[in-house]
Amino acid sequence: MSPGNNPGHGEHTVTIFVNTREFQWDKKEISYEEVYNLAFPNEPLNDGDVARIEYSRGHNGGGAGSLQPGGTVKVKENMVFDVYVTVRS
Amino acid sequence: MRETRIVPEFVTSFPAELEPGHLYVSARFSTAAHLCACGCGREVITPLSPAQWVLTFDGTVTIWPSIGNWALPCQSHYVIDRGTIKWARNFTCDEIQLNRESDHRILDAVPASQGRWWGRLLRRLTGH
Ligand SMILES: [Zn+2]
(Lines give C-alpha, C1' and ligand atoms only; values in the text may rest on other atoms or scores of the structure.)
Protein backbone atom coordinates (compact mmCIF):
# COMPACT_ATOMS: atom_id res chain seq x y z
CA MET A 1 0.00 0.00 0.00
CA SER A 2 1.48 3.32 -0.99
CA PRO A 3 -1.08 6.06 -0.68
CA GLY A 4 1.32 8.66 -2.02
CA ASN A 5 1.42 7.00 -5.43
CA ASN A 6 -1.93 8.25 -6.50
CA PRO A 7 -1.60 12.01 -6.97
CA GLY A 8 -4.46 12.14 -9.49
CA HIS A 9 -6.95 11.11 -6.87
CA GLY A 10 -5.32 12.76 -3.90
CA GLU A 11 -7.03 10.27 -1.58
CA HIS A 12 -5.68 7.04 -0.28
CA THR A 13 -7.50 3.77 -0.33
CA VAL A 14 -9.32 2.75 2.83
CA THR A 15 -10.31 -0.69 4.02
CA ILE A 16 -14.01 -1.16 4.66
CA PHE A 17 -15.93 -4.22 5.80
CA VAL A 18 -19.24 -5.07 4.15
CA ASN A 19 -21.06 -8.01 5.75
CA THR A 20 -17.70 -8.95 7.38
CA ARG A 21 -15.87 -9.08 4.03
CA GLU A 22 -12.96 -6.76 3.42
CA PHE A 23 -12.89 -4.31 0.49
CA GLN A 24 -10.55 -1.53 -0.58
CA TRP A 25 -12.33 1.71 -1.41
CA ASP A 26 -10.53 4.58 -3.13
CA LYS A 27 -13.22 7.25 -3.07
CA LYS A 28 -14.00 9.68 -0.24
CA GLU A 29 -17.62 8.63 -0.06
CA ILE A 30 -19.66 5.55 -0.76
CA SER A 31 -23.29 5.46 -1.83
CA TYR A 32 -26.14 3.20 -0.75
CA GLU A 33 -26.07 1.55 -4.19
CA GLU A 34 -22.29 1.02 -4.11
CA VAL A 35 -22.41 -0.62 -0.68
CA TYR A 36 -25.27 -2.84 -1.82
CA ASN A 37 -23.32 -3.91 -4.92
CA LEU A 38 -20.29 -4.84 -2.81
CA ALA A 39 -22.55 -6.95 -0.57
CA PHE A 40 -24.58 -8.63 -3.30
CA PRO A 41 -22.69 -8.30 -6.61
CA ASN A 42 -24.85 -10.95 -8.29
CA GLU A 43 -28.21 -9.64 -7.13
CA PRO A 44 -29.03 -6.33 -8.79
CA LEU A 45 -31.10 -3.97 -6.68
CA ASN A 46 -34.60 -3.83 -8.21
CA ASP A 47 -37.13 -1.04 -7.86
CA GLY A 48 -38.98 -1.40 -4.61
CA ASP A 49 -36.31 -3.56 -3.01
CA VAL A 50 -35.81 -2.90 0.65
CA ALA A 51 -32.19 -3.46 1.58
CA ARG A 52 -31.27 -1.99 4.93
CA ILE A 53 -27.76 -0.58 5.16
CA GLU A 54 -26.33 0.33 8.54
CA TYR A 55 -22.82 1.56 9.19
CA SER A 56 -20.63 1.90 12.24
CA ARG A 57 -17.10 3.10 12.99
CA GLY A 58 -17.50 5.93 10.46
CA HIS A 59 -17.07 9.71 10.60
CA ASN A 60 -20.63 11.03 10.63
CA GLY A 61 -23.00 11.25 13.56
CA GLY A 62 -20.95 9.47 16.18
CA GLY A 63 -19.75 7.03 13.54
CA ALA A 64 -22.97 5.08 13.14
CA GLY A 65 -26.17 5.43 11.21
CA SER A 66 -28.12 4.09 8.28
CA LEU A 67 -27.83 4.80 4.58
CA GLN A 68 -30.95 5.48 2.51
CA PRO A 69 -31.36 4.85 -1.23
CA GLY A 70 -29.61 7.64 -3.12
CA GLY A 71 -27.63 8.60 -0.03
CA THR A 72 -23.86 8.61 0.51
CA VAL A 73 -21.60 8.54 3.52
CA LYS A 74 -17.97 9.53 4.03
CA VAL A 75 -15.75 6.47 4.39
CA LYS A 76 -13.20 5.88 7.11
CA GLU A 77 -10.51 3.24 7.60
CA ASN A 78 -12.05 0.03 9.01
CA MET A 79 -15.60 1.31 8.64
CA VAL A 80 -18.22 -1.45 8.94
CA PHE A 81 -21.42 -1.91 6.90
CA ASP A 82 -24.31 -4.33 7.43
CA VAL A 83 -26.43 -4.90 4.33
CA TYR A 84 -29.49 -7.09 4.60
CA VAL A 85 -32.86 -7.62 2.99
CA THR A 86 -34.30 -10.08 5.50
CA VAL A 87 -37.08 -8.99 7.83
CA ARG A 88 -37.70 -10.13 11.39
CA SER A 89 -41.16 -11.53 11.81
CA MET B 1 -33.27 -28.78 -1.66
CA ARG B 2 -34.86 -27.60 1.58
CA GLU B 3 -32.54 -27.81 4.54
CA THR B 4 -33.74 -29.33 7.78
CA ARG B 5 -30.60 -28.86 9.91
CA ILE B 6 -28.11 -26.02 10.23
CA VAL B 7 -24.79 -26.13 12.06
CA PRO B 8 -22.76 -23.15 13.33
CA GLU B 9 -19.42 -22.14 11.90
CA PHE B 10 -17.63 -19.45 13.93
CA VAL B 11 -15.62 -17.16 11.66
CA THR B 12 -14.20 -13.65 11.56
CA SER B 13 -15.26 -13.02 7.95
CA PHE B 14 -17.79 -14.95 5.94
CA PRO B 15 -16.21 -17.11 3.22
CA ALA B 16 -16.73 -16.02 -0.39
CA GLU B 17 -18.95 -19.04 -1.02
CA LEU B 18 -21.23 -20.20 1.77
CA GLU B 19 -22.03 -23.89 2.18
CA PRO B 20 -25.67 -24.92 2.52
CA GLY B 21 -26.64 -26.09 6.01
CA HIS B 22 -24.09 -23.85 7.76
CA LEU B 23 -24.72 -20.74 9.82
CA TYR B 24 -21.63 -18.52 9.75
CA VAL B 25 -21.34 -16.40 12.89
CA SER B 26 -18.92 -13.48 13.18
CA ALA B 27 -18.48 -12.24 16.74
CA ARG B 28 -16.10 -9.51 15.57
CA PHE B 29 -18.78 -7.96 13.33
CA SER B 30 -21.79 -9.20 15.31
CA THR B 31 -23.60 -10.67 12.33
CA ALA B 32 -24.46 -14.03 10.82
CA ALA B 33 -24.94 -15.43 7.31
CA HIS B 34 -26.40 -18.56 5.78
CA LEU B 35 -27.74 -19.72 2.45
CA CYS B 36 -31.54 -19.48 2.37
CA ALA B 37 -32.86 -22.72 3.84
CA CYS B 38 -35.24 -23.24 0.90
CA GLY B 39 -32.29 -24.13 -1.29
CA CYS B 40 -32.61 -21.12 -3.65
CA GLY B 41 -28.93 -20.29 -3.08
CA ARG B 42 -29.41 -16.70 -1.90
CA GLU B 43 -27.27 -15.39 0.93
CA VAL B 44 -29.25 -14.35 4.02
CA ILE B 45 -27.62 -11.84 6.40
CA THR B 46 -28.94 -11.46 9.95
CA PRO B 47 -27.11 -8.77 11.98
CA LEU B 48 -27.02 -9.71 15.66
CA SER B 49 -28.24 -7.24 18.29
CA PRO B 50 -31.16 -6.94 20.70
CA ALA B 51 -33.08 -4.96 18.05
CA GLN B 52 -32.18 -7.24 15.16
CA TRP B 53 -31.65 -10.98 15.58
CA VAL B 54 -30.54 -12.72 18.75
CA LEU B 55 -28.31 -15.77 18.51
CA THR B 56 -28.22 -18.43 21.18
CA PHE B 57 -25.52 -21.08 21.15
CA ASP B 58 -25.85 -24.14 23.37
CA GLY B 59 -23.93 -26.51 21.13
CA THR B 60 -26.69 -25.92 18.58
CA VAL B 61 -27.80 -22.55 17.23
CA THR B 62 -31.08 -20.70 17.68
CA ILE B 63 -31.86 -17.39 15.98
CA TRP B 64 -34.82 -15.33 17.09
CA PRO B 65 -37.13 -13.95 15.79
CA SER B 66 -38.01 -15.74 12.57
CA ILE B 67 -36.37 -15.05 9.23
CA GLY B 68 -38.69 -13.58 6.60
CA ASN B 69 -37.10 -13.58 3.17
CA TRP B 70 -39.89 -11.53 1.56
CA ALA B 71 -37.41 -9.66 -0.60
CA LEU B 72 -36.16 -12.89 -2.17
CA PRO B 73 -37.99 -14.57 -5.05
CA CYS B 74 -38.66 -17.62 -2.83
CA GLN B 75 -40.27 -15.51 -0.03
CA SER B 76 -39.35 -18.24 2.43
CA HIS B 77 -40.10 -17.88 6.14
CA TYR B 78 -38.58 -20.00 8.90
CA VAL B 79 -37.13 -20.15 12.37
CA ILE B 80 -33.72 -21.58 13.24
CA ASP B 81 -34.40 -23.44 16.47
CA ARG B 82 -31.71 -25.53 18.15
CA GLY B 83 -30.05 -26.35 14.86
CA THR B 84 -33.32 -27.21 13.14
CA ILE B 85 -35.14 -25.29 10.42
CA LYS B 86 -38.77 -24.85 11.45
CA TRP B 87 -40.80 -23.77 8.48
CA ALA B 88 -43.29 -21.03 9.10
CA ARG B 89 -46.42 -20.32 7.11
CA ASN B 90 -45.97 -18.17 4.00
CA PHE B 91 -47.36 -14.70 4.49
CA THR B 92 -49.76 -13.03 2.07
CA CYS B 93 -48.65 -9.85 0.27
CA ASP B 94 -50.58 -7.68 2.76
CA GLU B 95 -49.05 -9.46 5.72
CA ILE B 96 -45.57 -9.06 4.22
CA GLN B 97 -46.12 -5.32 3.87
CA LEU B 98 -47.45 -5.01 7.43
CA ASN B 99 -44.60 -7.09 8.81
CA ARG B 100 -42.02 -5.01 6.95
CA GLU B 101 -43.50 -1.76 8.22
CA SER B 102 -43.71 -2.91 11.81
CA ASP B 103 -40.21 -4.39 11.76
CA HIS B 104 -38.77 -1.14 10.39
CA ARG B 105 -40.72 0.86 12.98
CA ILE B 106 -39.27 -1.29 15.75
CA LEU B 107 -35.78 -0.93 14.28
CA ASP B 108 -36.15 2.83 14.03
CA ALA B 109 -37.49 3.07 17.57
CA VAL B 110 -35.06 0.63 19.20
CA PRO B 111 -31.66 1.20 17.66
CA ALA B 112 -29.13 -1.59 17.47
CA SER B 113 -26.69 0.15 19.76
CA GLN B 114 -26.22 3.25 21.81
CA GLY B 115 -23.91 4.52 19.10
CA ARG B 116 -26.60 4.26 16.48
CA TRP B 117 -29.13 6.04 18.67
CA TRP B 118 -26.64 8.74 19.56
CA GLY B 119 -25.64 9.04 15.93
CA ARG B 120 -29.20 9.64 14.84
CA LEU B 121 -29.77 12.22 17.53
CA LEU B 122 -26.56 14.02 16.64
CA ARG B 123 -27.46 14.04 12.97
CA ARG B 124 -30.88 15.38 13.79
CA LEU B 125 -29.36 18.16 15.91
CA THR B 126 -26.61 19.06 13.49
CA GLY B 127 -28.59 18.47 10.32
CA HIS B 128 -25.99 16.13 8.80
ZN1 LIG C 1 -34.91 -19.19 -0.67
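Residues numbered from 1 in each chain as written. Chains lettered and ligands numbered in written order. Predicted model: local features only at pLDDT ≥ 70, side-chain atom pairs only at ≥ 80, totals over all residues. Heavy atoms only, no water.

When you go through chain A residue by residue, the secondary structure sums to one helix and eight strands. Moving toward the C terminus, one meets the helices and strands of chain A in the order β-β-β-α-β-β-β-β-β. Each of the 89 residues in chain A was classed as buried or not, and the buried ones make up 47%. A separation threshold of at least 6 residues defines the contact pool for chain A, and within that pool the share at least 24 residues apart is 51%. Here chain A has roughly 4,400 Å² of accessible surface; of this, 46% comes from carbon and sulfur atoms. (Helix = DSSP H or I, 4+ residues; strand = E, 2+ residues; numbered from the N terminus. Buried < 20%, exposed > 50% of the residue type's maximum accessible area, 1.4 Å probe, protein only. Contact = heavy atoms within 4.5 Å. Areas by Shrake-Rupley, 256 points an atom, 1.4 Å probe, with all protein chains shown as cover.)

Residues and elements named next belong to chain B. For the zinc ion, the full set of protein donor atoms is C36 (SG), C38 (SG), C40 (SG) and C74 (SG), and the range of their distances to it is 2.3 Å. Considered as a linear motif, the donors of the zinc ion on their single chain read C-x1-C-x1-C-x33-C. Assessed through its relative accessible area of 2%, C36 is described here as buried. (Donors = N, O, S within 2.8 Å, 3.2 Å for Na, K, Ca; no water.)

Turning next to the environment of G21(B). Residues and elements named next belong to chain B. Mapped onto the elements, G21 comes out in the loop between β1 (7-11) and β2 (22-26). Of the residues examined, G21 reaches a relative accessible area of 15% and is grouped as buried. When the C-alpha positions of G21 and I6 are compared, they lie 4.5 Å apart, and in sequence the two are 15 residues distant. Leave out the neighbours within four places in its chain, and G21 touches E3, R5, I6 and V7.

Turning next to the interface of chain A and chain B. Each partner contributes residues to the interface: chain A has 26 residues there, and chain B has 40 residues. A combined buried area of about 3,000 Å² lies between chain A and chain B, and 52% of that area is made up of carbon and sulfur atoms. For R42(B), the salt bridge identified is with E43(A), shortest N-O distance 3.0 Å. Where chain A packs against chain B, one counts 12 residue pairs in polar contact (both at pLDDT 80 or more). (Buried area = accessible area lost by both parts, 1.4 Å probe. Salt bridge = Lys/Arg side-chain N within 4 Å of Asp/Glu carboxyl O. Polar contact = N/O pair within 3.5 Å; in protein donor to acceptor, adjacent residues only side chain to side chain.)

For the rest of this paragraph, the subject is the pattern of salt bridges. All names here are of chain A. Within this structure, the stated rule accounts for six salt bridges over all chains. Of the charged contacts, one joins K27 and E34 as a salt bridge, the two residues approaching to 2.6 Å between their closest N and O atoms. Taking the relative accessible area as the measure of exposure, K27 reaches 41% and is therefore partly exposed. When its relative accessible area of 24% is taken as the criterion, E34 is described as partly exposed.

Residue and element names in this part refer to chain A. The strand order β2-β1-β7-β4-β5 describes an open sheet built from five strands, whose pairing is mixed. Two strands close off the open sheet at either side, each with one partner strand: β2 (21-25) and β5 (65-67). Strand-to-strand, the axes of this sheet are offset by a mean angle of 30 degrees, without reference to chain direction. In this sheet, strand β7 (residues 79-84) lies alongside strand β4 (residues 52-56) in antiparallel orientation, the contact comprising five bridges. (Pairing = 2+ DSSP bridges. Axes fitted to C-alpha atoms, helices over the stretch in contact; angles between N-to-C directions.)

This part is about helix α1 (residues 32-39) of chain A. All names here are of chain A. Buried residues of α1: Y32, V35, Y36, L38 and A39, and no others. All buried residues of α1 project into a common sector of 160 degrees when viewed along the axis, lining one side. Buried residues along α1 sit against β1 (14-18), β2, β3 (29-31), β4, β5 and β7. (Arc of directions from axis to C-beta.)

This paragraph deals with the side chain of T15(A). All names here are of chain A. Tracing the backbone shows T15 in strand β1. T15 sits in the buried class, given a relative accessible area of 9%. Engagement of the side chain of T15 in a polar contact is seen with the side chain of Q24, the distance being 3.3 Å. Ignoring any residue separated from it by four or fewer positions in sequence, one finds T15 in contact with E22, F23, Q24, K76, E77, N78 and M79.

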